[in-house]
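Observations on the model geometry
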Amino acid sequence: MVRVTTPGVRLLPNAITVLALCAGLSSVQFALIGNYPMAIASIGIAAVLDSLDGRIARLLDATSKMGQELDSLSDGISFGVAPALVLYVWHAEGERIGWVASLIFAVCMILRLARFNTLIEDTEQPPYAGEFFVGVPAPAGGLLAMLPLILELQFGQGWWSHPYVVWVWTIAVAALLISRIPTLSLKTVKAPPKAIAPLLVGVGLLAAAIIQFPLVALAIALILYLAHIPYSVYRHRWLANHPEAWMAPPRERRAIRRSSSRRRLGLRPPLRRVVAGAAQRVRLQRGEQHVARAPRTISTDKDRGARRRSWRRIGLRKR
C-alpha cells in the first residue's frame, strides 16, 4: 500500500523544528531580562519539540534531507548556543574564563551533532548500535548544563552556584557531549503489554510532579539520567560480547545473561546428584539400579578400638 502525503502534511515536521529553534533562542531573551525560570522552560520546550519532529516525520513518511539539516541546525542553536549564553549572562559578569567555557560548550555541541550526522549514514555499525547514542545527546546536554542554575533557583545560593564550579561543570558536560560513552536511546525502548497501565500511571504522576514542583522534578530527572550512564556502558559492553542476544526474546536474553554470569564466576553444574539416607532407599524401591557396594573387610580388634575412639572424639554415639 502506497501512502500519499500532501505537501501541507510534509511541512509539519519542519514547522515543529522551527518552533523548537524559536523556543531555544527565546531562552536567551528571557535570560537578558533576568527571567531565568522561563529561560529554563524555553529550553525544556525545545527539547520536547525536538523529540517530536523526527517521530512525526517518520510516521507521516515526510523525512527529507532538508529536514535533517534543519534539525541539526536547530539543535545546535537551542541546546548549544542558547544554554551557553544563558549561563554567561547569569554568572560570567564579563569574566574571560566564563566566555571561554561558554565557547567550549557551544563548539562541543556542534561537533557532537556533526558526528551524529555522519553516524546516521554509517552502514557498518552492529545491529545493537541503534539502541545507544554515542555520547550524551544534544537535548540532554543542554539541560544538564543548566543544572547549577536550576539548583540555585530552587535551593538558593550554595557551592553549586559558585562561578568556578559552574564553569567546570559546563566543560565537563561538554566533554560528555563529544565522548564515546554509550547512552541509552528511548527510541528503541519497547514496553510489554502488561506494563502499559503502570507506565500510564507513572506518566500521570510525572506530569503532576512537573506541574507542582517543576524545578525539583527537572533536577531529579537530570540526576537520574547521569546515574544511568554506568548501566548503559555495562549494557553496551555486554551486547558487544553477546550480539546474538539483541534480537532474542526477553526470556532467552535472560537465559544468556545467567549462563554468562556462571561462566564469569567459574561455576558449573554438578556432574551427578548424590542421594543419601531415606531418599536413597525410596529411589531404590522405585526400581533404580542398586549400586554395588564394596565388599566388607575383616576388621581386627585394633581397628575396632580405633573406630570407637574416633566416635568418642567427635561426640557421636555409634548405633
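To keep things clear, this report deals only with the structure shown in the data block. Small disclaimer: the values here were computed from a predicted structure and weren't measured.

How each quantity is defined
- Residues numbered from 1 in each chain as written.
- Predicted model: local features only at pLDDT ≥ 70, side-chain atom pairs only at ≥ 80, totals over all residues.
- Heavy atoms only, no water.
- Helix = DSSP H or I, 4+ residues; strand = E, 2+ residues; numbered from the N terminus.
- Buried < 20%, exposed > 50% of the residue type's maximum accessible area, 1.4 Å probe, protein only.
- Contact = heavy atoms within 4.5 Å.
- Areas by Shrake-Rupley, 256 points an atom, 1.4 Å probe, with all protein chains shown as cover.
- Core = buried A, V, L, I, M, F, W, Y, C linked by side-chain atoms within 4.5 Å.
- Polar contact = N/O pair within 3.5 Å; in protein donor to acceptor, adjacent residues only side chain to side chain.
- Phe/Tyr/Trp six-rings, centres within 6.5 Å; stacked < 30°, edge-to-face > 60°.
- Salt bridge = Lys/Arg side-chain N within 4 Å of Asp/Glu carboxyl O.
- Expected span 1.5 Å × (residues − 1).

**Considering the overall build of the protein chain**
Along its length, the protein chain carries 13 helices and two strands. Counting every position in the protein chain, which comprises 319 residues, the buried fraction comes to 32%. By sequence separation, contacts in the protein chain at least 24 residues apart represent 77% of the contacts at least 6 residues apart. With an accessible surface of roughly 21,600 Å², the protein chain has 65% of that area assigned to carbon and sulfur atoms.

**Comments concerning the nonpolar core**
Counting 38 residues, the largest nonpolar core has F79, F105, M109, M146, L149 and I150 as the members making the most contacts within it. Within the residue set of this core, elements represented by two or more residues are α1 (7-32), α2 (36-59), α3 (65-91), α4 (96-120), α5 (138-145), α6 (147-155), α7 (163-178) and α9 (214-227). Counting residues per element, this core draws most heavily on α2, which supplies six residues. For I150, the contacting residues outside a window of four places in its chain are I40, L215, L218, A219 and L222.

**Details of the side chain of S161**
With respect to the helices and strands, the residue S161 is situated in the loop between α6 and α7. Here the side chain of S161 touches G158 through a polar contact of 2.9 Å, landing on its backbone oxygen.

**Brief notes about the packing of aromatic side chains**
Taken as a whole and assessed by the stated rule, the structure comprises three aromatic pairs. For the ring pair Y88 and W99, a centre distance of 5.1 Å and an interplane angle of 70° mean the geometry is edge-to-face. Separated by 11 residues along the polypeptide, Y88 in helix α3 and W99 in helix α4 bring together distant segments of the chain. Overall, the relative accessible area of 37% leaves W99 in the partly exposed class. The interplanar angle of 70° and the centroid separation of 5.8 Å between the aromatic rings of W159 and W160 together place this pair among those described as edge-to-face.

**Here we look at the environment of C108**
Within the fold, C108 resides in helix α4. Linking C108 and G76, residues 32 residues apart in sequence, is a C-alpha distance of 9.7 Å. For C108, the contacting residues outside a window of four places in its chain are A174, L177 and I178.

**Focus: the pattern of salt bridges**
Considering all chains together, one arrives at one salt bridge under this definition. E69 serves as the salt-bridge partner of K65, at 3.9 Å between the closest nitrogen and oxygen. Of this pair, K65 and E69 both sit in helix α3, four residues apart, roughly one helical turn. Judged by its relative accessible area of 47%, K65 falls in the partly exposed class. Residue classification places E69 among the partly exposed positions, given a relative accessible area of 40%.

**Quick look at α9**
The periodicity of an α-helix, 3.6 residues per turn, causes residues three or four places apart in sequence to face the same way. Taking 1.5 Å per residue as the helical rise, α9 with its 14 residues ought to reach 20 Å, and the 20 Å between its terminal C-alpha atoms agrees with that figure. Among the residues of α9, those classed as buried are L215, A217, A219, L222 and Y225.

No statement about biological role is implied by the geometric values presented.
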